[in-house]
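Understanding the architecture of this molecule
Below are the chains, spelled out letter by letter.
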Amino acid sequence: MAAATRNESSHWIFDILELVATAPEPPSAIEIANRLKLPITTTHRGIHTLEQSGYIAQHPMWSRYVLASATKQLTKALLARFAVRGVSLHYLRYVAGASQETTTLCVPLGWYALTVATVLGLNEVADRAPVGSSVELHNSASGLALLAFLPKARLERYLAWVQKHKLGKPAAIRRRLAEIRAQGYALSLSDAEAGGQLAVPIRSIEGEALASIAVQGGSLAVKSNRPKVLATVVAAARRIEGVIQLEPERFRNPYDHLPPDEIRLPRGPARN
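One structure accompanies this document, and this report is about it.

1. Some thoughts on the packing of aromatic side chains
Enumeration over the complete set of coordinates arrives at five aromatic pairs. With a centroid separation of 5.4 Å and 70° between ring planes, the pair formed by Trp111 and Tyr158 is classed as edge-to-face. Here Trp111, found in the loop between strand E3 (102-109) and strand E4 (112-119), pairs with Tyr158, found in helix H7 (residues 152-164); they are 47 residues apart in sequence, far enough to count as distant. Of the two residues, Trp111 and Tyr158, both sit in the buried class.

So this is what it looks like as structure tokens:
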């Protein structure tokens, strides 16, 4: 019975940490309690535990909570384990300079697309994904570029997970993935100001997507701009693939041994 209580306690403590990490504005204790439907005393106890551990801290000006140094260090350590990040930074800067749009690198972690690097372009971007943010694979162009080139068995597991949690319609996702495989890239468009996101997979020798490069910005709203942007992103992806082929084992996903259904990341807004 005691073990069950400890597991339940750790569950809501992580819920508090997730809420602080994903909230658009630093939340107060009352807002945390209301969002998670927790008693205020339980909420204060969880906040105190996380403060003592160095994972969250009170904002210096308000009675609200933000991430603290321990969480940031964990995130940095997690990102550093993806070898593809280090070799891609030069090419991300090249793409951002050529396109003048914000460029990101995403990797698959469980059933999520995790942003591990971002290079800002000269043009403003309405809704960029910060480093460390994540979204379900089918909910962004970056994620779809990864999902389209997963091994078949893993893709079927993902679609079963989507259906189980009512996150989307597997049939519609299958149709979208077939289009992406045929054209070799994923494109999602929003309004004229935000433009959209164009993503190209970075693939292993076996053809599996290890990462994706995406350009996001208003220039993609103009159809005539897209071929040039696409050619730039494809060229960068192919250069990175050439580096990967020299040491394929070094660039394997370091978290592939973990059951993807058990990996739980904060969910960002859909961008597809």
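From this point, the narrative continues.
2. Quick word on helix H3 (residues 40-53)
For H3, with 14 residues, the first-to-last C-alpha span of 20 Å sits near the 20 Å given by 1.5 Å per residue. Buried within H3 are the following residues: Thr42, Thr43, Gly46, Ile47 and Leu50. Projected down its long axis, H3 carries its buried residues within an arc of 135°, all on one side. Opposite the buried face of H3, by more than 90 degrees, sit the exposed residues Thr41 and Gln52.

3. Focus on the pairing of strand E8 (residues 209-217)
Burial within E8 is extensive, with nine of its nine residues counted as buried. Bridge count between E3 and E8: five bridges; the pairing is antiparallel. When the bridges of E8 are listed, Thr103 appears paired with Val215. Relative to E8, strand E7 (residues 196-203) runs antiparallel, the two being bridged by eight bridges. Within E8, the residue paired with Gln197 across the bridge is Gln216.

4. Here's the deal with helix H8 (residues 170-183)
The end-to-end C-alpha separation of H8 is 20 Å, in line with the 20 Å expected for 14 residues at 1.5 Å each. Inspection of H8 places Pro170, Ile173, Leu177 and Ile180 among the buried residues, and these make up the whole buried set. For H8, the angular spread of buried residues about the axis comes to 80°, placing them on one side. For H8, the exposed residues lying more than 90 degrees away from the buried face are Arg175 and Ala182. If you follow the buried residues of H8, they end up packed against helix H6 (141-147), H7 and strand E6 (186-189).

The rules we used
- Residues numbered from 1 in each chain as written.
- Predicted model: local features only at pLDDT ≥ 70, side-chain atom pairs only at ≥ 80, totals over all residues.
- Heavy atoms only, no water.
- Phe/Tyr/Trp six-rings, centres within 6.5 Å; stacked < 30°, edge-to-face > 60°.
- Helix = DSSP H or I, 4+ residues; strand = E, 2+ residues; numbered from the N terminus.
- Buried < 20%, exposed > 50% of the residue type's maximum accessible area, 1.4 Å probe, protein only.
- Expected span 1.5 Å × (residues − 1).
- Arc of directions from axis to C-beta.
- Pairing = 2+ DSSP bridges.
- Contact = heavy atoms within 4.5 Å.

Just geometry here; none of it tells us what the structure is for.
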